[in-house]
Amino acid sequence: MLLAPWASRRRQDLLDLLDQLTPKILELTRRLEEVVEKRAVAAHLRTHPGVGPLTALAFELVIGTPERFQCAKQIASYVGLVPAEESSGDRRRLGHISKQGNALLRFLLVEAAQVTVRSQPQWRSQFFHLAMRRGRKIAKVAMARKLAVELYWMWRRGWNYNEMQQLGSHAGEPGNRHGVQ
């Protein structure tokens, strides 16, 4: 009973603080949207479900140019979404993710992948399949890696998300009936 007035006061102070911060957050969000709309690559990457303006802009700025990387595995490694390896002789041990690269981009990719899992049935199915086998944490990182790879190929080939879905990552290869001729 003695804490009730203080708890009420603290709750009210926090609500007042939220009311002060909300307009500032909305202004920063609006400015971020303006910057992303001026940048063709970031606007293009936003066509992927789950990828918002901050994730798209961070991906563009951290990666720089997709031509730096020969394949998508290098993107995953650069961002730190691949397992660290400790090998000796015939023994090969894959550990936790390497966490090399930009921590903010890695965080944003994991968050965006979780949104994509909630909104895309194919991603949801793959996530739950992995989560049952390997656990939820590993599945989240695996989906973030998949997202990074898809964003890389979208950027490198100049495709939006719909083209990526229609043509796939193996477009142009022999045997792909939907591939680019």
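Everything that follows concerns the structure shown earlier in this document.
Here's what I pulled together on the structure shown here. (Residues numbered from 1 in each chain as written. Predicted model: local features only at pLDDT ≥ 70, side-chain atom pairs only at ≥ 80, totals over all residues. Heavy atoms only, no water.)

In terms of regular secondary structure, the protein is built from 8 helices and 2 strands. When the helices and strands of the protein are listed from N to C terminus, the series reads α-α-α-α-β-β-α-α-α-α. In terms of overall dimensions, the protein is more spread out than a globule: its C-alpha atoms have a radius of gyration of 21 Å, far above the 16 Å expected for 181 residues. Judged by the C-alpha coordinates and their principal axes, the protein covers about 75 × 45 × 30 Å. When each of the 181 residues of the protein is scored for burial, the buried share is 30%. In the protein, once contacts between residues fewer than 6 apart in sequence are set aside, the share between residues at least 24 apart is 46%. Looking at the protein as shown, the accessible area adds up to about 12,200 Å², and 55% of this sits on carbon and sulfur atoms. The protein carries 28 positive and 16 negative side-chain charges, and their two centres are separated by 7 Å. (Helix = DSSP H or I, 4+ residues; strand = E, 2+ residues; numbered from the N terminus. Rg over C-alpha atoms; globule rule 2.2 N^0.38 Å. Buried < 20%, exposed > 50% of the residue type's maximum accessible area, 1.4 Å probe, protein only. Contact = heavy atoms within 4.5 Å. Areas by Shrake-Rupley, 256 points an atom, 1.4 Å probe, with all protein chains shown as cover. Lys, Arg positive; Asp, Glu negative; His and termini not counted. Charge placed at Lys NZ, Arg CZ, Asp CG, Glu CD.)

Okay, the pattern of salt bridges next. With the rule as written, the count across this model stands at 6 salt bridges. R30 is paired through a salt bridge with E34; the nearest N and O atoms lie 2.4 Å apart. Placement of the pair is R30 and E34 together in helix α1 (residues 4-38), with a separation of 4 residues, close to one helical turn. Accessibility expressed as a relative area gives 42% for R30, which makes it partly exposed. The shortest N-O distance in the salt bridge between R39 and E60 comes to 3.2 Å. (Salt bridge = Lys/Arg side-chain N within 4 Å of Asp/Glu carboxyl O.)

Taken together, L14, L17, L21 and I25 make up a surface patch of nonpolar side chains, about 350 Å² in accessible area. Here L17 falls in the partly exposed class, since its relative accessible area comes to 41%. (Patch = residues over 30% accessible without salt bridge, like charges linked within 9 Å, V, L, I, M, F, W, Y side chains within 5 Å.)

Attention shifts here to helix α6 (residues 121-134). Helix length check: α6 (14 residues) gives 20 Å between terminal C-alpha atoms against 20 Å at 1.5 Å per residue, within 8%. Among the residues of α6, W123, F127, L130 and A131 are the ones counted as buried. For α6, the angular spread of buried residues about the axis comes to 100°, placing them on one side. Of the exposed residues in α6, the ones pointing more than 90 degrees away from its buried face are P121, Q122, M132 and R133. The secondary structure elements touched by the buried residues of α6 are α5 (103-119), α7 (136-157) and α8 (161-167). (Expected span 1.5 Å × (residues − 1). Arc of directions from axis to C-beta.)

What follows concerns the side chain of H48. Here H48 lies in the loop between α2 (40-45) and α3 (53-63). Once residues lying within four places of it in the same chain are set aside, the contact partners of H48 are T116, W123, L147, E150, L151, M154 and Y161.

All right, on to the environment of Q100 then. Relative to the helices and strands, Q100 is located in the loop between β2 (91-97) and α5. Sequence separation between Q100 and H129 is 29 residues; the distance between their C-alpha atoms is 27 Å.

This next bit is on the packing of aromatic side chains. For the structure shown, the criterion picks out 4 aromatic pairs. Measuring from ring centre to ring centre gives 5.0 Å for Y152 and W153, while their planes differ by 65°; the resulting arrangement is edge-to-face. Comparing Y152 with W153 shows no difference in burial state: the two are buried. The ring of Y78 is capped by R68, whose NZ or CZ atom sits 4.9 Å from the centre of that ring. Directly above the aromatic system of W123 lies the positively charged group of K146, at a separation of 4.6 Å from the ring centroid. (Phe/Tyr/Trp six-rings, centres within 6.5 Å; stacked < 30°, edge-to-face > 60°. Lys NZ or Arg CZ within 6 Å of the ring centre and 35° of its normal.)

With that settled, consider the nonpolar core. Ranked by internal contacts, the top residues of the largest apolar core, which has 40 residues, are F59, L109, L147 and L151. Those elements giving two or more residues to this core turn out to be α2, α3, α4 (72-79), α5, α6, α7 and α8. Broken down by element, this core gets its largest block of residues, 11 residues, from α7. Apart from residues no more than four positions distant in its own chain, L151 is found in contact with L45, H48, V51, F59 and L109. (Core = buried A, V, L, I, M, F, W, Y, C linked by side-chain atoms within 4.5 Å.)

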